[in-house]
Amino acid sequence: MTQRRSVAIAIALLLGAAVATAGCGVGPGGEVGEVSLTVTRDYGAEPVLPAVTDDASESDTVMRVLDRGAEIETRYGGGFVSSIEGLAEAEEEGRRYDWFFYVNGVESPVGAADFALDGGEAIWWDYRAWSAASRVPAVVGAWPQPLTGGYEGKPHSVTLECRGAPVACATVRRRLGDAGIAPVQGSPDDAIRVLVGPWAQLRDDPAARQLEQGPQTSGVFADVAATAAGYRLRGLDESGEPARGFGPDAGLVAATRRYEAPPVWIVSGATPAGALAAAQLLGAAQLRDHYAVATEDGEETPLPVR
């Protein structure tokens, strides 16, 4: 989550003397199951702490789990994390660095002290600059979440939309099945969509087309440029500038979200071969702790390009 979006809310809660209660709770409550905690920096490039699992209780929040697993400092009465393990919010060379968090790979609409846990969540805190993308609404690094457990505390169905790449689509369907995900038929309004196909067939989708508008809109540090020879995938650096060009058969796995609609996963490339290469990335080893991933000739490139 972009924590600064919730600062005004946190201040109001502080004035009402409620934030401390939300962050600390009044008792352990009954156990709800395990949750995982990951803490990294620079778009997942470097771990700040080893990933751990923790037993969560009915009274637990994202903030309480972090507080048990790390040395933290907070502001606004405990509603805003300013430092984890001594790594504090800062401004360097004109870039603002802050802590952001995701639950099941999706930005939260509420602060960490107010996000109650039901068990099974994947919590990821990442310290990064946000000049090129003040909001990154969804990431792929919690695979197979949110496709298995939903997001924002609610289960959600998954739909698979295949457009012009049958082999890639069959691969995605198989990878989803291996993860215990059974796509539903039709297009329920609350479903998380997985779009599969060459970019020319996906770009008419409003959520997917955000990639062409840059990371400030899509939250994805990649774009697909039109050339005389067709579309080409480009990796962007953390400033949002083109940093690596890929060939026609490169693939991309990314996630985005349009307004408050459910997240959309994009499994694509300039060609059907590129879409197949992307489909073959669907797995924990390839996606873990990455915002998005490009692939070419069997080489994976986490995005943004570093």
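Scroll up a little and you will see the structure.
Here is a short report on the structure shown in this document. Quick caveat, the model's predicted, so the values are computed rather than measured.

Some points on the overall build of the protein chain
1) Next: For the protein chain, the helix and strand inventory stands at 8 helices and 18 strands.
2) Next: Expressed as a percentage of its 306 residues, the buried residues of the protein chain come to 53%.
3) Next: Within the structure as shown, the protein chain displays about 12500 Å² of accessible surface, and the carbon and sulfur contribution to it stands at 50%.
4) Next: Here the protein chain carries 25 positive and 41 negative side-chain charges, and the mean point of each set is 7 Å from the other.

Focus on the pairing of strand β3 (residues 72-75)
1) Next: Bridge count for β3 against strand β4 (residues 80-84) is 4 bridges, and the pairing is antiparallel. Across the sheet, the residue bridging to Arg-75 is Phe-80, located in β4.

Notes on the environment of Leu-195
1) Next: If you trace the backbone, Leu-195 turns up in strand β11 (residues 192-198).
2) Next: A residue is classified by how much of its surface remains accessible, and Leu-195, at 0% relative accessible area, is buried.
3) Next: In this structure, the C-alpha to C-alpha distance between Leu-195 and Glu-161, residues 34 residues apart in sequence, is 4.9 Å.
4) Next: Setting aside anything within four residues of it in sequence, one finds Leu-195 in contact with Glu-161, Arg-163, Leu-202, Asp-205, Ala-208, Val-264, Trp-265, Ile-266 and Val-267.

A short note on the sheet that holds strand β14 (residues 242-245)
1) Next: Taken in spatial order, the 3 strands make up an open sheet running β12-β13-β14, and their pairing is antiparallel. Looking along the sheet, the strands with just one partner apiece sit at the ends: β12 (222-227) and β14. Adjacent strand axes in the sheet meet at a mean angle of 40 degrees when their direction is disregarded.
2) Next: Where strand β13 (residues 230-236) lies against β14, 3 bridges are found, and the strand directions are antiparallel. When the bridges of β14 are listed, Gly-235 appears paired with Arg-244.

Quick notes on unusual backbone geometry
1) Next: The omega torsion across Gln-145 and Pro-146 is 0 degrees, close enough to zero to call that bond cis.
2) Next: Along the chain, the position of Pro-146 falls in the loop between β9 (122-129) and β10 (158-162).
3) Next: Looking along the chain, the bond that leaves Leu-303 and enters Pro-304 is cis, with omega of 5 degrees.
4) Next: Tracing the backbone through its elements, the reader meets Pro-304 in the segment after β18 (299-303).
5) Next: Although it is not a glycine, Asp-297 adopts a positive phi angle of roughly 55 degrees.
6) Next: Structurally, the position occupied by Asp-297 is in the loop between β17 (292-296) and β18.
7) Next: Among the residues examined, Asp-297 registers a relative accessible area of 79% and is labelled exposed.

A word on the packing of aromatic side chains
1) Next: Evaluation of the coordinates by the stated rule reveals 10 aromatic pairs.
2) Next: Aromatic pair Tyr-43 and Tyr-291: ring centres 5.0 Å apart, planes at 70 degrees, arrangement edge-to-face. Linking Tyr-43 in the loop between β1 (31-41) and β2 (46-57) with Tyr-291 in the loop between α8 (284-287) and β17, this pair joins segments that are 248 residues apart in sequence.
3) Next: In this structure Tyr-43 comes out as buried when scored by relative accessible area, which is 5%.
4) Next: Taking 5.2 Å as the distance between ring centres and 50 degrees as the angle between the ring planes, the aromatic pair formed by Trp-99 and Tyr-127 counts as tilted. Taken as a pair, Trp-99 in strand β7 (residues 95-103) and Tyr-127 in strand β9 lie far apart in primary sequence, 28 residues in all.
5) Next: For Trp-99, a relative accessible area of 1% corresponds to the buried category.
6) Next: Among the residues examined, Tyr-127 registers a relative accessible area of 2% and is labelled buried.
7) Next: In textbook terms, an aromatic cluster arises when at least three aromatic residues are bridged by ring pairs, as seen for Tyr-43, Tyr-102, Trp-124, Phe-221 and Tyr-291.
8) Next: When the ring centre of Phe-100 is taken as reference, the NZ or CZ atom of Arg-128 above it lies at 3.9 Å.

Examining the pattern of salt bridges
A side chain of one charge can pair with a side chain of the opposite charge if their charged atoms are brought near each other.
1) Next: Scanning all chains against the criterion turns up 21 salt bridges.
2) Next: Glu-89 is the partner of Arg-96 in a salt bridge, and the nearest nitrogen-oxygen pair spans 3.2 Å.
3) Next: Arg-96 gets classed as partly exposed once you look at its relative accessible area, which sits at 26%.
4) Next: Under the relative-accessibility criterion, Glu-89 is labelled buried at 18%.
5) Next: As a salt-bridge pair, Asp-223 and Arg-234 come within 2.8 Å of each other at their nearest N and O atoms. Taken together, the residues Asp-223 in strand β12 and Arg-234 in strand β13 connect sequence positions 11 residues apart.
6) Next: Using a relative accessible area of 30% as the deciding quantity, one classes Arg-234 as partly exposed.
7) Next: One connected set of salt bridges, linked through shared partners, spans Arg-41, Asp-42, Arg-95, Glu-238 and Arg-306.

With respect to the packing of helix α4 (residues 166-178) against helix α7 (residues 272-279)
1) Next: Remark: α4 packs on α7, axes separated minimally by 8 Å, with the N-to-C direction vectors making an angle of 10 degrees. Looking at the two axes, α4 sits roughly parallel to α7. Along the contact surface, α4 presents Val-167, Ala-168, Thr-171, Val-172 and Arg-175, while α7 presents Ala-275, Leu-276 and Ala-279.
2) Next: Residue classes in the contact of α4 with α7 are distributed as 6 nonpolar, 1 polar and 1 charged.

So, how was this worked out
- Residues numbered from 1 in each chain as written.
- Predicted model: local features only at pLDDT ≥ 70, side-chain atom pairs only at ≥ 80, totals over all residues.
- Heavy atoms only, no water.
- Helix = DSSP H or I, 4+ residues; strand = E, 2+ residues; numbered from the N terminus.
- Buried < 20%, exposed > 50% of the residue type's maximum accessible area, 1.4 Å probe, protein only.
- Areas by Shrake-Rupley, 256 points an atom, 1.4 Å probe, with all protein chains shown as cover.
- Lys, Arg positive; Asp, Glu negative; His and termini not counted.
- Charge placed at Lys NZ, Arg CZ, Asp CG, Glu CD.
- Pairing = 2+ DSSP bridges.
- Contact = heavy atoms within 4.5 Å.
- Axes fitted to C-alpha atoms, helices over the stretch in contact; angles between N-to-C directions.
- Phe/Tyr/Trp six-rings, centres within 6.5 Å; stacked < 30°, edge-to-face > 60°.
- Lys NZ or Arg CZ within 6 Å of the ring centre and 35° of its normal.
- Salt bridge = Lys/Arg side-chain N within 4 Å of Asp/Glu carboxyl O.
- Parallel < 35°, antiparallel > 145°, perpendicular 65-115°, else oblique.
- Nonpolar A, V, L, I, M, F, W, Y, C, P; charged D, E, K, R; others polar.

Structural measurements only, silent on function.
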